[in-house]
Amino acid sequence: MAVTTACHSDEQIAQSLASLRPRGDAWRHGGFDALAGSGMGDFFAALGAAFGPTDRRVCDMVDEFFCSTAAETLDLWALDYGVPDGCDPFENVCEKVNAVGDTIPAYAQAAALRRGWSISIAEEFVTVVEDDCYGAGLYGTQLYGAEQGVTWRITIDLAASPSYQRYVDIEPLFGLMFYGDSFDCGPDIEALKCLIRRIAPAHADLIFETVN
């Protein structure tokens, strides 16, 4: 739905300009208009035709200030917000503009579901206890960094995930496998990993597990 509804026609602009005439017989403005068919009427009609398109373009420009009503500048909105981006949890640029998210599991689960992944996230906080030089524990010291602080354990339900595509089973070829190699490839969840990393806290460790 467009924001603006009061864009003027050429005739309306001509009437608006004509209303600015001085009062008096010379300007045919003695309390009533009698411009129809006159040279002065044609003059203001020409002004309306000249200014009308510009006025309507300015009127249309108001809609472009909002992504939800923009029609001609969506490419500029996309450029400004870095869309398309395969890791973004948004379907289009306007969804990204209007998004109100958070670095919490519930938001990540909902974003993944929109992308066709059925997941559940268990958030685990790690508290590290350190000893001082006397051997007395300083309880509650929490370190944020690699493998410490907070962990997201993401369980992926492959059977309920439309975005998951199973690899085509290929028979092993003699001489091309090494001892310990798997007979099939694991699920390709790189797109999901990229998506979750955009939402999860920057210091969080992510552990992905799959269930069939």
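The structure this text deals with has already been given above.
About the cut-offs
- Residues numbered from 1 in each chain as written.
- Predicted model: local features only at pLDDT ≥ 70, side-chain atom pairs only at ≥ 80, totals over all residues.
- Heavy atoms only, no water.
- Patch = residues over 30% accessible without salt bridge, like charges linked within 9 Å, V, L, I, M, F, W, Y side chains within 5 Å.
- Areas by Shrake-Rupley, 256 points an atom, 1.4 Å probe, with all protein chains shown as cover.
- Salt bridge = Lys/Arg side-chain N within 4 Å of Asp/Glu carboxyl O.
- Helix = DSSP H or I, 4+ residues; strand = E, 2+ residues; numbered from the N terminus.
- Buried < 20%, exposed > 50% of the residue type's maximum accessible area, 1.4 Å probe, protein only.
- Arc of directions from axis to C-beta.
- Contact = heavy atoms within 4.5 Å.

**Q** Would you explain a nonpolar patch on the surface in this entry?
**A** On the surface, Val58, Met61, Val62, Phe65 and Phe66 cluster together into a nonpolar patch covering about 470 Å² of accessible area. Examined against the element boundaries, Val58 turns out to sit in helix α2 (residues 39-63).

**Q** Would you mind going over the pattern of salt bridges with me for this structure?
**A** Where charged atoms of side chains with opposite charge meet at close range, the side chains can pair. Evaluated as defined, the whole model comprises eight salt bridges. With a closest N to O distance of 2.9 Å, Glu124 and Arg153 form a salt bridge. Here Arg153 lies in strand β4 (residues 150-157) and Glu124 lies in strand β1 (residues 119-125), a separation of 29 residues in the sequence. Its relative accessible area of 30% is what places Glu124 among the partly exposed residues. Classification of Arg153 by relative accessible area gives partly exposed; the value is 26%. Glu190 is the salt-bridge partner of Lys193, the closest N and O atoms lying 3.8 Å from each other. Residue Lys193 and its partner Glu190 are both found in helix α6 (residues 190-199); the two are separated by three residues, about one turn of the helix. A residue is classified by how much of its surface remains accessible, and Lys193, at 31% relative accessible area, is partly exposed. Salt bridges sharing partners connect three or more residues here, namely Arg57, Asp60 and Glu72.

**Q** So what exactly am I meant to see when it comes to helix α5 (residues 105-114) here?
**A** Of the positions making up α5, those classed as buried are Pro105, Tyr107, Ala108, Ala111 and Ala112. The buried residues of α5 occupy an angular sector of 160° when the element is viewed end-on, so they sit on one face. Projecting away from the buried face of α5 at angles above 90 degrees are the exposed residues Ala106 and Leu113. At its buried positions, α5 is contacted by β1, β4 and α6. After α5 finishes, the residue Gly116 shows a positive phi value of roughly 90°.

Just geometry here; none of it tells us what the structure is for.
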